[in-house]
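An overview of the molecular structure
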Amino acid sequence: MLGGDLYATVRTSTGTRLIIGDVMGKGLTAISDAALLLGAFREGAHRQATLPDLAAYLDHSVCWNLAYPTEAEKAGEVFITAAILDIPDALPQVDMVTCGHPPPCCCTARWSPPSTPPAPPLGLGELTAVTYHVDTLTFGPGDILLLHTDGVVEARDARGVFYPLSERAASWALHSPSALVHHLRTDLLAHIGGAPETRPPASRFRSLGPSPRVRGAAHRAHAV
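Residues numbered from 1 in each chain as written. Predicted model: local features only at pLDDT ≥ 70, side-chain atom pairs only at ≥ 80, totals over all residues. Heavy atoms only, no water.

**Observations regarding the overall build of the protein chain**
Helix and strand content of the protein chain: 5 helices and 8 strands. Shown N-terminal to C-terminal, the secondary structure of the protein chain runs as helices and strands in the order β-β-α-α-β-β-β-β-β-α-α-α-β. A burial count over the protein chain gives 49% of its 224 residues as buried. In the protein chain, 66% of the contacts between residues at least 6 apart in sequence involve partners at least 24 apart. Looking at the protein chain as shown, the accessible area adds up to about 10900 Å², and 56% of this sits on carbon and sulfur atoms. (Helix = DSSP H or I, 4+ residues; strand = E, 2+ residues; numbered from the N terminus. Buried < 20%, exposed > 50% of the residue type's maximum accessible area, 1.4 Å probe, protein only. Contact = heavy atoms within 4.5 Å. Areas by Shrake-Rupley, 256 points an atom, 1.4 Å probe, with all protein chains shown as cover.)

**What to know about the confidence of the model for the protein chain**
Per-residue pLDDT for the protein chain averages 78, and the proportion of residues at 70 or more is 74%. In this model, residues 198-224 is a region of pLDDT below 50 whose contacts with residues beyond four sequence positions or in other chains number 92 contacts. (pLDDT = per-residue confidence, 0-100.)

**Notes on the environment of A90**
For A90, the location among the structural elements is in the loop between β3 (80-88) and β4 (93-99). The spacing of A90 and G15 is 75 residues in sequence and 7.9 Å in space, taken between C-alpha atoms.

**Here's the deal with the environment of E154**
Tracing the chain through its elements places E154 in the loop between α3 (150-153) and α4 (165-171). Separated by 11 residues in sequence, E154 and L165 place their C-alpha atoms 9.7 Å apart.

**Regarding the sheet that holds β3**
For sheets, the rule is that strands pair by backbone hydrogen bonds, running either parallel or antiparallel. Taken in spatial order, the 5 strands line up as β1-β2-β3-β4-β6 in an open sheet, and their pairing is antiparallel. Two strands close off the open sheet at either side, each with one partner strand: β1 (5-11) and β6 (135-138). Sheet twist, expressed as the average angle between the axes of neighbouring strands with direction ignored, equals 20°. Across 4 bridges, the pairing between β3 and β4 is antiparallel. For A83, the partnering residue across the bridge sits in β4 and is T98. Running at roughly 15° to β1, helix α1 (residues 27-47) makes contact with β1, β2 (15-23) and β3 of the sheet. (Pairing = 2+ DSSP bridges. Axes fitted to C-alpha atoms, helices over the stretch in contact; angles between N-to-C directions.)

**So, the environment of A169**
Tracing the backbone shows A169 in helix α4. On the basis of relative accessible area, A169 is assigned to the buried category, the value being 1%. Between the C-alpha atom of A169 and that of V181, which follows or precedes it by 12 residues, the distance is 8.8 Å.

**Section: the pairing of β2**
In terms of burial, β2 is a largely internal element, 9 of the 9 residues being buried. Summarising the sheet, β1 and β2 pair through 7 bridges and their orientation is antiparallel. Of the residues in β2, the one forming a bridge with R11 is T16. Connecting the antiparallel pair β1 and β2 is a turn made up of 3 residues. With 9 bridges connecting them, β2 and β3 associate as antiparallel partners.

Shown next as structure tokens:
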């Protein structure tokens, strides 16, 4: 967990489940909300049979907690974007539910982004009826799925150009996951012209301006 950015993995009896997310906001409230979601994920990943069940469980946990925010003025204004994934041991695939989170990118030409729209961010489920769609992505040996938060794709250079994550990630597709992340971090710092600043995160739900934070996680899909 890094401030409001979070990720975790849990081994189950049939595979690996993981989550990556971003809490709207910063400071103690963001850290507290991220910690709550991670705890709920580690517990629910074992108990919830399907990804939609797990997403609904996490949304309920976040809604319950956000009814009593750490900062009173944030009540009703806090939510968490997340991507929740299941990697079965027996199949060469990744199942995914996205809740207002930027879609991952894959460093292969045969993969395309999810076709179904994302569900609302966690914490907003009680405001509307939510249907959680599962996208299934098929992978082969050597394929790499790159998970990230919006700080990467919303990073801008001096001219205001956003960082082209998919294009740059594809150019290093033959590297190992750790080398890929290293190349992307170096390239992203060069793109923004130096060390990242700390700013409130931009969001399609609440526009607070660009955030050049570097947050990424690469996962080789056929391995735990």
